[in-house]
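# Descriptive structure summary
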Amino acid sequence: MDMLPKVDALLVVRTDFSDQERWQAVRNSLGDIDKDGWAKEFSGQVKVVEDPAYQGFTAQQILALLPDGCQGPILVIADKVTVDSQEMPFLVIELEFTWEMRVIPSEIPGIHANLSIGNMDFGEFAESADADGVFRGFHD
């Protein structure tokens, strides 16, 4: 199996190919983040890998395919849970310690940005995940 590409962007890997129509909704969610135009800027910073060779891969199998020196703070996986759920929670993996949690699409840019500049750490987001383990944003 080939290594994943080394990119200067948020890497999203698709591992479920069961429903192409639903995948389009999931894929579109990465560019439908914000009403003020920030999504357009963010969508250019995302590299989506859609290779059927990764069908059914686990997070550990995907992590093993990351190239040496991968620069991003997180890896995002679109798996069966992502595709099947109405909320489309992606599996987000913090790369330094390989911590993971589910995150709804609208929260991914904020996590990526804050981790990239060292403003917050992954634990701060994980502590605010809902009881089902999905991060839907900070609650007041």
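Predicted, not measured: the structure shown is a model, and the values here were computed from it.

Moving on, we get to unusual backbone geometry. Not every positive phi belongs to a glycine, and M88 is a case in point at roughly 55°. Along the chain, the position of M88 falls in the loop between α4 (80-84) and β4 (90-94). Accessibility expressed as a relative area gives 13% for M88, which makes it buried. Phi is positive for T98, close to 55°, though the residue is something other than glycine.

Counted by the stated rule, this structure contains seven salt bridges. R14 is the salt-bridge partner of E50, the closest N and O atoms lying 3.5 Å from each other. Residue E50 is found in the loop between β2 (46-49) and α3 (59-63), and its partner R14 is found in strand β1 (residues 10-14); the two are separated by 36 residues along the sequence. We note a salt bridge from R136 to D130, for which the minimum N-O separation is 2.7 Å. By relative accessible area, D130 is classed as partly exposed at 22%. The structure contains a network of salt bridges with shared partners spanning E87, D130, D132 and R136.

Along the chain, N114 turns up in helix α5 (residues 108-116). Overall, N114 belongs to the buried group, its relative accessible area being 18%. Side-chain polar atoms of N114 contact the side chain of N119, separated by 2.5 Å.

This brings us to the packing of aromatic side chains. Geometry of an aromatic ring pair is reported as the spacing of the ring centres plus the angle between the planes. Following the criterion strictly, the structure yields five aromatic pairs and no others. Taken together, a centroid distance of 5.5 Å and an interplanar angle of 40° make the contact between F125 and F138 tilted. Here F125, found in helix α6 (residues 122-126), pairs with F138, found in the segment after β6 (134-135); they are 13 residues apart in sequence, far enough to count as distant. Cluster of aromatic residues (ring-pair linked, three or more members): F125, F135 and F138.

Definitions and cut-offs
- Residues numbered from 1 in each chain as written.
- Predicted model: local features only at pLDDT ≥ 70, side-chain atom pairs only at ≥ 80, totals over all residues.
- Heavy atoms only, no water.
- Helix = DSSP H or I, 4+ residues; strand = E, 2+ residues; numbered from the N terminus.
- Buried < 20%, exposed > 50% of the residue type's maximum accessible area, 1.4 Å probe, protein only.
- Salt bridge = Lys/Arg side-chain N within 4 Å of Asp/Glu carboxyl O.
- Polar contact = N/O pair within 3.5 Å; in protein donor to acceptor, adjacent residues only side chain to side chain.
- Phe/Tyr/Trp six-rings, centres within 6.5 Å; stacked < 30°, edge-to-face > 60°.

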